[in-house]
Amino acid sequence: MTDIAKLAETVDEAAQSATAIAQLTFADPDLSGTAAYAIQRASIARRLGRGERLVGMKMGLTSRAKMAQVGVDEMVWGRLTDKMRIEDGGAISRAKFIHPRAEPEIAFLMGRRLEGAVSPAEAMAAVEAVAAAIEVIDSRYENFKFTFPDVVADNSSSSAFAVGPWASPYTDVGNLGMVMEIDGRAKQIGSSAAILGHPARSLAAAARLLAEEGMALEEGWIVLAGGATAAEPLSPGMHVRLVAQGLGQVAFSVGA
Ligand code: 0L1
Ligand code: MG
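Draft legend 1. Up close: the coordination of the magnesium ion (ligand 2). Ligation of the magnesium ion (ligand 2) by protein atoms is provided by Glu103 (OE), Glu105 (OE) and Glu135 (OE), these donors lying 1.9 to 2.0 Å from the ion. Donor residues for the magnesium ion (ligand 2), ordered by position in the chain, follow E-x1-E-x29-E. Of this pair, glutamate 103 sits in strand β5 (residues 101–110) while glutamate 135 sits in strand β6 (residues 127–137), placing them 32 residues apart in sequence.

Draft legend 2. Main features of the pattern of salt bridges. Under the criterion given, the structure shown has 10 salt bridges. A salt bridge links arginine 50 to aspartate 12; the shortest N-O distance between them is 2.8 Å. Of this pair, arginine 50 sits in the loop between α3 (33–49) and β1 (54–60) while aspartate 12 sits in helix α1 (residues 4–17), and the two are 38 residues apart along the sequence. On the basis of relative accessible area, aspartate 12 is assigned to the buried category, the value being 2%. Taking the shortest distance from any N to any O, the salt bridge between glutamate 135 and lysine 58 comes out at 2.9 Å. One end of the pair, glutamate 135, is in strand β6; the other, lysine 58, is in strand β1, with 77 residues separating them in the sequence. Shared partners join several salt bridges into a network, and the residues in it are Asp12, Arg46 and Arg50.

Draft legend 3. Examining the sheet that holds strand β12 (residues 239–244) more closely. The strand order across the open sheet formed by 5 strands is β4-β13-β12-β8-β9, and the pairing between neighbours is mixed. Of all strands in the sheet, those with a lone pairing partner are β4 (91–93) and β9 (185–191), marking the two edges. Each neighbouring strand pair of the sheet contributes to a mean axis angle of 20°, computed without reference to strand direction. Pairing analysis gives 3 bridges linking β4 to strand β13 (residues 248–255), with the strands arranged parallel. Its bridge partner lying in β13, isoleucine 92 is registered against valine 254.

Cut-off values and rules
Residues numbered from 1 in each chain as written. Chains lettered and ligands numbered in written order. Predicted model: local features only at pLDDT ≥ 70, side-chain atom pairs only at ≥ 80, totals over all residues. Heavy atoms only, no water. Donors = N, O, S within 2.8 Å, 3.2 Å for Na, K, Ca; no water. Helix = DSSP H or I, 4+ residues; strand = E, 2+ residues; numbered from the N terminus. Salt bridge = Lys/Arg side-chain N within 4 Å of Asp/Glu carboxyl O. Buried < 20%, exposed > 50% of the residue type's maximum accessible area, 1.4 Å probe, protein only. Pairing = 2+ DSSP bridges. Axes fitted to C-alpha atoms, helices over the stretch in contact; angles between N-to-C directions.

What is shown is where atoms sit, not what they do.
Structure follows, in structure tokens:
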């Protein structure tokens, strides 16, 4: 039988110590998606027990580019805590991560609770603001390699995120040009349409997937819609900036 608490401790300690671990499915090839989400829940509960606060959730693998980069073709989701937030214009320390990568995203700020099966339009009606965002993903697995249950158990690789200035919820985020630069050079160029055809679809999917776990998107939460392009590896000294058409920019630096 899967020892949820033990595996949650394993992924949590890997994240805390920035030390890569073997994929959980090497030891347990039959690890189910349900057990993987239970491990995720228990590992984040450990963080909450240390004083972190749940501030939202991230959708992952919502674009073809992302699915192709990691070889998993099913949407995933993970939890965001306050400690994971990078101030816009702030810095992260490379030493606190294993093999971090950055990816361009659209963020939603929930103006009210949203639960269960909703249409993209109904989902957008619950949004208070939208913004450009960058997620830092850092798989806790060796070589950034995993299967669906592995990545789910590992909080869907989420490790940090930066959100730009909030804009009106009426901003049409359906097809915005997105340019992610590293040290002033465009490294990833895409469109928000790469996120399930429209990021609002990712938000509706988020409400549906959370309902399967008996949860809802809560008022005040931040929801990341998923990477619009493949992710870029990060090294000390880099400056990362995302410019999203109509939403402005968000940036951070990578320290030692
Ligand atoms: O879009 C995403 O945030 C994907 C997260 C899980 C897969 C990965 O580590 O890239
Ligand atoms: Mg992401």
